[in-house]
Amino acid sequence: QFVKVPQFIFTCVPTFLTEGLASGVKGTAGLGRNDIALPSQFARVFGFARKFAICLSASTSSKGAVFFGDGPYIMLPNIDISKSLTYTPLFINPFGTGYVPYLNESSSEYFIGVKAININGKAVPVNRKLLAIDKRGNGGTKISTGRAYTVMETSIYNAVSKAFAEELSNVTMVASVAPFGTCFSSNSIGSTRAGPAVPPIDLVLQSNNVFWRIFGANSMVQVNKDVICLAFVDGGVRPTTSIVIGGYQIEENLLQFDIANSRLGFSSSLLFRQTTCANFNFTSRA
């Protein structure tokens with residue numbers, strides 16, 4: 001069924017913002033928290049809350065999905081993901097941190113409160129001051145599909161890479177393959193339902209019992225037949241944001257951005273539930 005949105009707002013951007021898009025793509029859909037983004041425009045027209053959910057497919061031949069408004073999110077074979085989401089607060093950075101920040105305007109991006117990082121259940125020693133947003137808007141953790149892979153401030157990246165390699169000490173490390181710095185021989189890494197059999201990485205949120213678990217399908221990338229790399233990138237010593245969670249880390253995860261209530265709902269990997277983002281049952285709306 002098709003619907004019409006009267007007086008829909010489009011906006012022009014500098015050409016450098018559209019560089020690197022896929023062949024044939026002329027622009028992007030804004031999903032931020034500002035008033036001209038799609039969630040806000042659709043909410044005004046159709047009368048639902050400012051809320052949307054995304055589910056990015058890991059396959060180039062399968063489609064993901066974007067939902068505006070509330071769930072349920074029914075996936076084949078009759079799995080309602082909305083009933084098992086974990087929630088964490090969304091935070092507003094008082095300073096614009098996007099490609100075109102505006103003076104005296106808060107960021108339209110989505111920040112979450114990562115308090116710690118665990119690998120295989122063990123705490124990674126990181127400077128926790130970098131995990132908080134300071135009075136100038138620096139630091140913290142945000143989600144951005146504008147980044148292909150998660151980017152971390154150098155000291156956080158080094159600590160995560162070291163701890164991950166220590167937990168995978170039975171696997172041979174090999175030369176790095178740009179842009180990745182921590183790579184292994186893939187010949188001795190097994191597989192699971194949720195990707196390569198490697199230690200899980202937990203982003204610990206508002207309490208030790210609330211965490212976003214990243215399994216092998218989202219933490220490792222196969223760069224060639226024999227080499228597999230940790231899918232995180234060194235972001236330098238003074239990035240504006242300490243951790244930027246990129247598109248690869250959210251593939252086959254359902255994320256619900258509840259702007260009205262300032263919270264994020266997340267599923268972790270759908271692969272453990274024997275389904276994917278390509279398996280939405282669009283005939284099941286309540």
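Residues numbered from 1 in each chain as written. Predicted model: local features only at pLDDT ≥ 70, side-chain atom pairs only at ≥ 80, totals over all residues. Heavy atoms only, no water.

Another point: the state of the cysteines. Counting across every chain of the model gives 2 disulfides. Linked covalently through their sulfurs, Cys-55 and Cys-277 form a disulfide whose S-S length is 2.1 Å. Between Cys-55 and Cys-277, the S-S dihedral sits near -75 degrees, and the bridge is therefore left-handed. In this pair, Cys-55 is assigned in strand E1 (residues 51-55) and Cys-277 in the segment after strand E22 (263-269), connecting sequence segments 222 residues apart. We note that Cys-55, like Cys-277, is buried. In this model Cys-183 forms its disulfide with Cys-229; the gap between the sulfur atoms is 2.0 Å. Its S-S torsion of about 100 degrees marks the bond between Cys-183 and Cys-229 as right-handed, since a negative value means left-handed. Here the residue Cys-183 occupies a position in strand E12 (residues 183-185), and Cys-229 occupies one in strand E18 (residues 227-230), the gap between them amounting to 46 residues. Across the pair, exposure class does not vary: Cys-183 and Cys-229 are buried alike. Take the cysteines of the chain that form disulfides and number them in order along the sequence; they join up as 1-4, 2-3. (Disulfide = S-S within 2.5 Å. Helix = DSSP H or I, 4+ residues; strand = E, 2+ residues; numbered from the N terminus. Buried < 20%, exposed > 50% of the residue type's maximum accessible area, 1.4 Å probe, protein only.)

Everything listed here is a matter of coordinates, which is why it stays silent on function.
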